[in-house]
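Breakdown of the fold
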Amino acid sequence: MQRQNVHPTYGRRMLSKLAAAAAAGMLSICVFIPAGTVLAGPDAKAKSSADREPALRQLYERVGLMTNLPWYSIAAIDQYERTMSKAHPKSRPLPEGALSGIFITPEQWAGHLNPDPNDTNPLSIRIFGGVGKDGSGDGIADRNDACDLLFAVASRIREQGGISGDDFAIGLWEYYHNTRAVQRILQFAKLYETFGKLDLSQHVFPLPIGSVYSYRSTWGNSRGWGGARIHEGTDIFASHGVPVRSTGYGIIEVKGWNPYGGWRIGIRDLDNLYHYYAHLSGFNKKLKIGDVVKPGQVIGWVGSSGYGRPGTSGKFPPHLHYGVYRDRGLVEWAFDPFPLLRSWERSEMKALKAHRRS
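Each residue is numbered by its place in its chain's sequence as written, counting from 1. It should be noted that, the model being predicted, local features are given only for residues of pLDDT at least 70 and side-chain atom pairs only at 80 or more, the latter also being counted only at that level, while totals for whole chains, interfaces and linings use all residues. Each side-chain value is worked out from all heavy atoms of the structure, with water and hydrogens disregarded.

**What about the nonpolar core?**
Core analysis: the biggest nonpolar cluster contains 47 residues, and Ile77 and Tyr176 have the highest contact counts within it. In this description a helix means any DSSP run of H or I spanning at least four residues, a strand means any run of E spanning at least two, and both kinds are numbered starting from the N terminus. Looking at this core, the elements with two or more residues in it are helix H3 (49–67), helix H4 (71–87), helix H7 (146–160), helix H8 (165–176) and helix H9 (179–195). Should any heavy atoms of two residues lie within 4.5 Å, those residues are considered in contact. Excluding residues within four positions of it along the chain, Ile77 makes contact with Ile102, Val153, Ile157, Phe168, Leu172, Tyr176 and Ile185. What we call a nonpolar core is a set of buried Ala, Val, Leu, Ile, Met, Phe, Trp, Tyr and Cys residues that are connected through their side-chain atoms within 4.5 Å. Think of it in three bands: with a 1.4 Å probe and only protein chains considered, a residue is buried below 20% of the maximum accessible area for its type, exposed above 50%, and partly exposed in between. Formed by 25 residues, the second largest nonpolar core is a distinct cluster that contains Phe205, Val242, Tyr277 and Leu320.

See below:
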């Protein structure tokens, strides 16, 4: 049976009425929301970013209505799952163009004791202890349906915990049994809630484009202080006091002294990348751990701190050490940030030139 599209305005009004009725215990939202109000199902492939963002937002709000979780919490769960699949593409394969980032194995979906790992019957899946649920209202628990996937995970987290605060964190822990997963999802939710949108992909170069600086790829170079090791980042040389900016939207995860990096600050973004800014001469005093930052926001200033006890400075020329680490679930791995820096620098220069011409 082909799913019919619903007029957006009518759909939103209907969802509001159904939500109110569900809150009063009069009906189940799951049964009455037409599946066509979102891009769900195995053929749900967003053709472009412009198509994808509204479809995802609609999907998150719909699942939020069904679970009483805010849309930004649903979005955070989905984004965390997506970053794990990106870090582990072989063990967590997602269909090409998949709308949701949720990955659940057939055995988890249907139940480990279920003789049919491809079972789509919500009742038999429940009997065998599977996580699969029908979120689209078509009577089928489809592991390839974005709405079914998100509803299955979100409802399990909701049932095991709550909708906010510590209760929501408990639900996350009961589902993932991983403190890093709990921390990441709470961070992502705060970012989505703060900015009120899904597209938080903008990036800038860490130093102002108009300032004087120089850099080249120094990834993998040897370092001797504190023992033999390799250089996990790119050094951007500049004068003392040049502003250091957040390269993107993120949340401050670490701030303080490190014997190697001196005064340093670490920021987590929605791609689950940890951005490491080291050897600073000082911080923006208004910022603290847990604060949200945006692209271009000043977080500190270039210095030469590090290689010793707190306050040690001047053992090398002033520069910003910029590193990027990807969270793989249990550990984090550094990778060469030089290509990212070049890309952001060029994009910002191009935008500035276009602005001057206009």
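**So, H7**
With 15 residues, H7 ought to run about 21 Å at 1.5 Å a step, and its terminal C-alpha atoms sit 22 Å apart, in line with that. Burial runs high along H7: eleven of the 15 residues are buried. Within H7, the full set of buried residues consists of Ala146, Cys147, Asp148, Leu149, Leu150, Phe151, Ala152, Val153, Ala154, Ser155 and Ile157. One side-chain oxygen of the residue at the start of H7 lies 2.8 Å from the amide nitrogen of Cys147, identifying that residue as Asp145. For a helix, the expected span equals 1.5 Å multiplied by the residue count minus one. Here a polar contact means two N or O atoms within 3.5 Å. Within protein one must be a hydrogen donor candidate and the other an acceptor candidate, and residues neighboring in sequence count only if both atoms are side-chain atoms.

**Structural notes on a nonpolar patch on the surface**
Think of a patch as exposed residues, more than 30% relative accessible area, with no salt bridge, where like charges cluster within 9 Å and nonpolar side chains (Val, Leu, Ile, Met, Phe, Trp, Tyr) cluster within 5 Å. Methods summary: accessible areas were calculated by the Shrake-Rupley approach with a probe of 1.4 Å, and residue burial reflects only the protein chains presented. Definition used for salt bridges: Asp or Glu carboxyl oxygen within 4 Å of a side-chain nitrogen of Lys or Arg. The grouping of Leu113, Leu123, Ile127 and Phe128 at the surface amounts to a nonpolar patch, some 470 Å² of accessible area in total. Along the chain, the position of Phe128 falls in the loop between helix H6 (122–127) and H7.

**A few points about the packing of H8 against H9**
Contact geometry for H8 and H9: axes closest at 9 Å, N-to-C directions at 135 degrees. Comparing the axis directions of H8 and H9 gives the class oblique. Like other packed secondary-structure pairs, H8 and H9 cross with a definite hand, here right-handed. Between H8, through Phe168, Ala169, Leu172, Trp173 and Tyr176, and H9, the contact on the second element is made entirely by Thr179, Ala181, Val182, Ile185 and Leu186. Each residue receives one of three labels: charged for Asp, Glu, Lys and Arg, nonpolar for Ala, Val, Leu, Ile, Met, Phe, Trp, Tyr, Cys and Pro, and polar for the others, Gly being one of them. Of the residues that constitute the contact of H8 with H9, the class distribution is nine nonpolar, one polar and no charged. An axis is simply a line fitted to the C-alpha atoms; with a helix, the fit covers only the stretch in contact. Between two such axes, the angle follows the N-to-C directions and lies from 0 to 180 degrees. If an angle is under 35 degrees, it is roughly parallel; if it is over 145, roughly antiparallel; if it lies from 65 to 115, roughly perpendicular; otherwise it is oblique. Should the near helix be turned anticlockwise from the far one by less than a right angle, the crossing is termed left-handed; should it be turned clockwise, right-handed.

**Focus: the packing of aromatic side chains**
Working definition: rings of Phe, Tyr and Trp (its six-membered ring) pair if their centres are within 6.5 Å, and the pair is stacked with planes under 30 degrees apart, edge-to-face with planes over 60 apart, and tilted otherwise. Within the structure shown, the criterion is met by 16 aromatic pairs. Every member of this aromatic cluster is reached through a ring pair, and the members are Phe205, Tyr213, Tyr215 and Phe338. For the cation-ring pair, Arg57 lies above Trp71, with the distance from its terminal atom to the ring centre recorded as 3.7 Å. Only when the NZ atom of a Lys or the CZ atom of an Arg is both within 6 Å of the ring centre and within 35 degrees of the ring normal do we say a charge sits over the ring.

**Some details on the pairing of strand E6 (residues 250–258)**
Extensive coverage of E6 is indicated by the burial of seven of its nine residues. A strand pair is defined by DSSP finding two or more bridges across the two strands. Pairing geometry for E6 and strand E9 (residues 292–293), over two bridges, is antiparallel. Its bridge partner lying in E9, Gly250 is registered against Val293. In textbook terms, the turn of a hairpin is the stretch between consecutive antiparallel strands, and for E6 and strand E7 (residues 262–268) this stretch comprises three residues.

**Re the pattern of salt bridges**
Close approach of charged atoms lets side chains of opposite charge pair. Following the criterion strictly, the structure yields 13 salt bridges and no others. Taking the shortest distance from any N to any O, the salt bridge between Glu348 and Arg245 comes out at 3.0 Å. With Glu348 in helix H10 (residues 338–357) and Arg245 in strand E5 (residues 243–245), this pair connects stretches of sequence that are 103 residues apart. Since its relative accessible area comes to 11%, Arg245 is described here as buried. Salt bridges linked by common partners bring Arg180, Arg184, Glu253, Arg268, Asp327 and Glu332 together as one network.

**Structural notes on the side chain of Arg268**
Looking at the element boundaries, Arg268 is found in strand E7. A polar contact is formed between the side chain of Arg268 and the side chain of Asn272, at a distance of 3.4 Å. If we skip the residues at most four places from it in the chain, Arg268 touches Arg184, Gln187, Phe188, Leu191, Tyr249, Gly250, Ile251, Glu253, Leu273, Tyr274, Asp327 and Glu332.

**As for the packing of H4 against H7**
Relative orientation of the contacting elements H4 and H7 amounts to 115 degrees, with a least axis distance of 11 Å. One way to sum up the angle between H4 and H7 is to call them roughly perpendicular. Crossing of H4 against H7: the hand is right-handed. Here H4 contributes Ile74, Ile77 and Asp78 to the contact with H7, which in turn contributes Leu150, Val153, Ala154 and Ile157.

**A word on H10**
Compared with an ideal rise of 1.5 Å per residue, which puts 20 residues at 28 Å, H10 spans 29 Å between its outermost C-alpha atoms and is within 8% of the ideal. Three or more residues of H10 are buried, namely Leu341, Trp344, Glu345 and Glu348. All buried residues of H10 fall inside an arc of 100 degrees around its axis, so they share one side. For H10, the exposed residues lying more than 90 degrees away from the buried face are Pro339, Arg346, Lys350 and Arg357. Note that the arc is computed from the directions linking the helix axis to the C-beta atoms.

**Quick notes on the pairing of strand E10 (residues 298–302)**
Regular strands have side chains that alternate between both faces of the sheet. The pairing of E5 with E10 spans three bridges and is antiparallel. Within the sheet, the bridge partner assigned to Val244 lies in E10 and is Gly300. Where strand E8 (residues 273–283) lies against E10, three bridges are found, and the strand directions are antiparallel. Residue pairing in the sheet places Leu280 in a bridge with Val302 of E10.

Note that all results are geometric; they support no functional claim without further evidence.
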